[in-house]
Amino acid sequence: MTANNALNGGQVIVDYLIREKVPYVFGLCGHGNISFIDALYERSSDIKTISVHHESVAGFMADVYYRITGQPTATFTSCGPGSANMPICLANAFFDSVPFLAVTGNVPTGQFNRGAFQETYRHYQADFPSTVRAYCKRVFQPTRGDMVPLAIRQAWKTMVTGRPGPVVLDVPFDIFKEAAATETPRPEEWNANISSRCGADPEGVAKAVDMLLSAKRPVILVGQGVKYGGAAADLLRLAERLQIPVACSASGMGAIDSEHPLALGLVARNGHYQANHAARQADVLLALGVRFDDRTSSSWLPGYSFTIPPTQLIHVDIDPDEIARNYPVALGLMADVRTFLRQVLAELDHRKSRTTGLARNAWLDDIAGYRKAWDAFIAPGFQVDTTPIHPQRAAHEIDKALPEDAILVSDIGIHHNWLLQYCKPKRPDSLVGSMGFGPMGFGVAGVLGAKLAAPDRPCVSVCGDGAFFMHASVLGTAVEYNIPVVWVVWNNYAYASIRGLQRGFLEGRELATDFRHPETGKPYNPDFAAMARSAGVEGVSVDRAADLADAVRAGIAAGRPYLIDANVGADLNPGGAGVWELPGLGQSKPAIGDRYRIA
Ligand SMILES: Cc1ncc(C[n+]2csc(CCOP(=O)(O)OP(=O)(O)O)c2C)c(N)n1
Ligand SMILES: [Mg+2]
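This write-up is about the structure you can find in this document.

When its secondary structure is counted, the protein chain shows 23 helices and 22 strands. Relative to the 2.2 N^0.38 estimate, which gives 25 Å for 599 residues, the radius of gyration of the protein chain is 25 Å and therefore close to what a compact globule would have. Burial statistics for the protein chain: of 599 residues in total, 58% are counted as buried. Partitioning the contacts of the protein chain with sequence separation of at least 6, the portion at a separation of at least 24 is 76%. As presented, the protein chain carries roughly 23400 Å² of accessible surface, and 51% of it is formed by carbon and sulfur atoms. Computed over 55 positive and 60 negative side-chain charges, the inter-centroid distance for the protein chain is 4 Å.

See below:
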């Protein structure tokens, strides 16, 4: 409290977070945020502070915490360099539509424009907001204490409404301490009663139902909007009712149980044959909360992932900016996908419609044939028993070892592509990955957020050796806060996904993509298991596929932080039914099937 019994800026922010039921804040100290930390100190029985060893770890933890719970949290970072470590995780959250509040410290208002220690001042005073403008939904920068209540409630609202995303609250040093208000804004008066679950235009819903009922080869394509929009149950209802097969973008994997008879799997450059081949032949494609990025769409080259047109696209998204960004739409509807699905189900009830069994059976029979072809194509990979471990087997063995309620958080790299092909997520949050910005470290650090979000569920990170080395400070954080996660370091002694591109597109002109010992020329990496042990984390090494599943089970059972250094082969790429183009360098070739051409 300040002299006149008012709360100061830091206290108002912390009190508001508590009112929004934020259980954790993640961050790293600096002189620029010690007053904020002091406000957290006062309320430490109501909100827990997790101090990390790199600011991006804080952001990735907040990010994945939300992906599991739907509850946004906050980060705290200092002025200057501390907050300059945030753009990578802000961008990741922004492009994957994940909210968290980044409270960033800045220099005192009385020192603006003087070039005080750590001020970003050469173009504009206290200019941190410019550095993150492209990477978050909005920046708020209160410059008087009494501006803080407005800033915090508006920042929270911007973050959670519409298409969610991260928001920055940039607070000058003195504002944390300045008198702000005698009372903190109440969420129930401002933000708690706002719904962004907007429905689609009713005429559009009727038209969508007409199109779906008359389709001969319909496919539903689901993205992240279905998972984080809580629409999985309604999706299943619609798919089963109309017997429409469901394909997923990488971010949509798990929206429907991968073992469900109507689940097609992944549409992508490395997508499953049945998914790509059904989606590219569809006469009507119902796309729900999906962006049609280049990896999903085989670089938009027709006939690999999609053939739009002639496929008639119904594209539903809460953000109209994503509709008709990349493909022409027969019907574009701005709506929350769950509300839209409920509207469609209600319209079907109203019409008392039934699906036309025979027509659909032919389509589903065709798809069963594609599935068989894919299963035959991948069968040999499951038999390989080499050291280093065959990557297909590695993905399969890890998946096999995971209990039904496990959460696997993937990092970025070739391992992610293998996981997408060979894991069979059962729930919307079984397989968490980053698809928009794709920063290395997301899975290394994010798994800590997953475990805090779901303490009773096994949480496993599968991450590249490159990314793990980059973010190895997580070992300390797991120990300090006793967060029992398992890291499987997919150790292929390389930035293998990028080396694969040099091999595929640049005639094997390899440079700067692998790790070698200078004397022996042999593959080099630190001994990750020993590195883990040095930090007080259990560490084991595995180089046979047959031992990997047991190692993962043991790691989960250990109930303490655990690292598995898995020696995995680097010379294969997960081939699928799509392609990827690097403009100017060429296109990859599908590993199964051909480009679909309309007869
Ligand atoms: C922070 C960051 N730097 C660079 C990249 C570009 N990049 C994408 S994947 C990759 C290789 C990652 O290597 P590793 O973590 O070992 O994973 P692998 O591909 O070998 O499975 C790189 C460098 C990135 N996505 N993020
Ligand atoms: Mg690697």
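Next comes the rest of the description.
Summarising the metal site, the magnesium ion (ligand 2) is bound by the protein donors D465 (OD), N492 (OD1) and A494 (O), whose distances to it range over 2.1 Å. Spacing between the donor residues of the magnesium ion (ligand 2) along their common chain follows D-x26-N-x1-A. Residue D465 is found in helix α19 (residues 465-470), and its partner A494 is found in the loop between β18 (486-491) and α21 (496-505); the two are separated by 29 residues along the sequence. In this structure D465 comes out as buried when scored by relative accessible area, which is 2%.

Turning our eyes to something else, we now look at the packing of aromatic side chains. This model, assessed by the stated rule, comprises 20 aromatic pairs. Look at Y24 and F26: their rings are 5.9 Å apart centre to centre, the planes differ by 20 degrees, and that puts the pair in the stacked class. Taken as a pair, Y24 and F26 share a single burial class, namely buried. Relative to Y422, the ring of F382 lies with its centre 5.7 Å away and its plane at 90 degrees, an arrangement referred to as edge-to-face. Remark: Y422 occurs in helix α17 (residues 414-422) and F382 occurs in the loop between α15 (357-378) and α16 (391-401); sequence separation between them is 40 residues. Its relative accessible area of 26% is what places F382 among the partly exposed residues. A residue is classified by how much of its surface remains accessible, and Y422, at 7% relative accessible area, is buried. Taken together, the aromatic side chains of F94, F95, Y135 and F437 make up a single cluster linked through ring pairs. The ring of W190 has R153 lying over it, and the distance from NZ or CZ to the ring centre is 3.4 Å.

To continue, consider unusual backbone geometry. Of the consecutive residues P309 and P310, the connecting peptide bond is found in the cis state with omega at 10 degrees. Residue placement: P310 occurs in the loop between β12 (284-288) and β13 (312-317). For K21, which is not glycine, the phi dihedral falls at a positive 60 degrees. The topology assignment puts K21 in the loop between α1 (9-19) and β2 (24-27). The exposed category is assigned to K21, whose relative accessible area is 64%. Despite not being glycine, A126 has its phi angle at roughly 40 degrees, a positive value.

Further remarks concern the sheet that holds strand β4 (residues 74-77). One open sheet holds the six strands; their spatial order is β3-β2-β4-β5-β7-β6, and the pairing between them is parallel. In the strand order of this sheet, the two ends are held by β3 (48-51) and β6 (138-140), each with one partner. Here the strands of the sheet are splayed against their neighbours by 25 degrees on average, with no regard to which way each runs. Of the pairings in the sheet, the one linking β2 to β4 comprises three bridges and is parallel in character. Considered in β4, the bridge of G27 is made with F76.

Here the focus is the state of the cysteines. Under the definition given, this model contains zero disulfides. Free cysteine: C89, not disulfide-bonded; nearest cysteine sulfur from C136 at 11 Å. Assessed through its relative accessible area of 0%, C89 is described here as buried.

Next up on the list: the side chain of S305. Turning to its location among the elements, S305 is positioned in the loop between β12 and β13. Using a relative accessible area of 0% as the deciding quantity, one classes S305 as buried. Polar contacts involving the side chain of S305 include one to the main-chain carbonyl oxygen of T296, which spans 2.8 Å. Apart from residues no more than four positions distant in its own chain, S305 is found in contact with V267, A268, N276, A279, R280, T296, S297 and S298.

For the rest of this paragraph, the subject is the pattern of salt bridges. Evaluation of the coordinates by the stated rule reveals 31 salt bridges. Among the ionic pairs, R237 bridges to D234, the shortest N-O distance being 2.8 Å. Of the two residues, R237 and D234 are both situated in helix α12 (residues 232-242); the distance of three residues between them amounts to about one turn of the helix. For D234, a relative accessible area of 2% puts it in the buried group. For K400, the salt bridge goes to E397, with nearest N and O atoms at 3.0 Å. With K400 and E397 both in helix α16 and three residues apart, this pair spans about one turn of that helix. In this structure K400 comes out as partly exposed when scored by relative accessible area, which is 45%. It is possible to trace a salt-bridge network through shared partners that takes in D15, R19, R43, D46, E183, R186 and E189.

Calculation criteria
Residues numbered from 1 in each chain as written. Chains lettered and ligands numbered in written order. Predicted model: local features only at pLDDT ≥ 70, side-chain atom pairs only at ≥ 80, totals over all residues. Heavy atoms only, no water. Helix = DSSP H or I, 4+ residues; strand = E, 2+ residues; numbered from the N terminus. Rg over C-alpha atoms; globule rule 2.2 N^0.38 Å. Buried < 20%, exposed > 50% of the residue type's maximum accessible area, 1.4 Å probe, protein only. Contact = heavy atoms within 4.5 Å. Areas by Shrake-Rupley, 256 points an atom, 1.4 Å probe, with all protein chains shown as cover. Lys, Arg positive; Asp, Glu negative; His and termini not counted. Charge placed at Lys NZ, Arg CZ, Asp CG, Glu CD. Donors = N, O, S within 2.8 Å, 3.2 Å for Na, K, Ca; no water. Phe/Tyr/Trp six-rings, centres within 6.5 Å; stacked < 30°, edge-to-face > 60°. Lys NZ or Arg CZ within 6 Å of the ring centre and 35° of its normal. Pairing = 2+ DSSP bridges. Axes fitted to C-alpha atoms, helices over the stretch in contact; angles between N-to-C directions. Disulfide = S-S within 2.5 Å. Polar contact = N/O pair within 3.5 Å; in protein donor to acceptor, adjacent residues only side chain to side chain. Salt bridge = Lys/Arg side-chain N within 4 Å of Asp/Glu carboxyl O.

Honestly, that's just the spatial picture; any functional story needs more than this.
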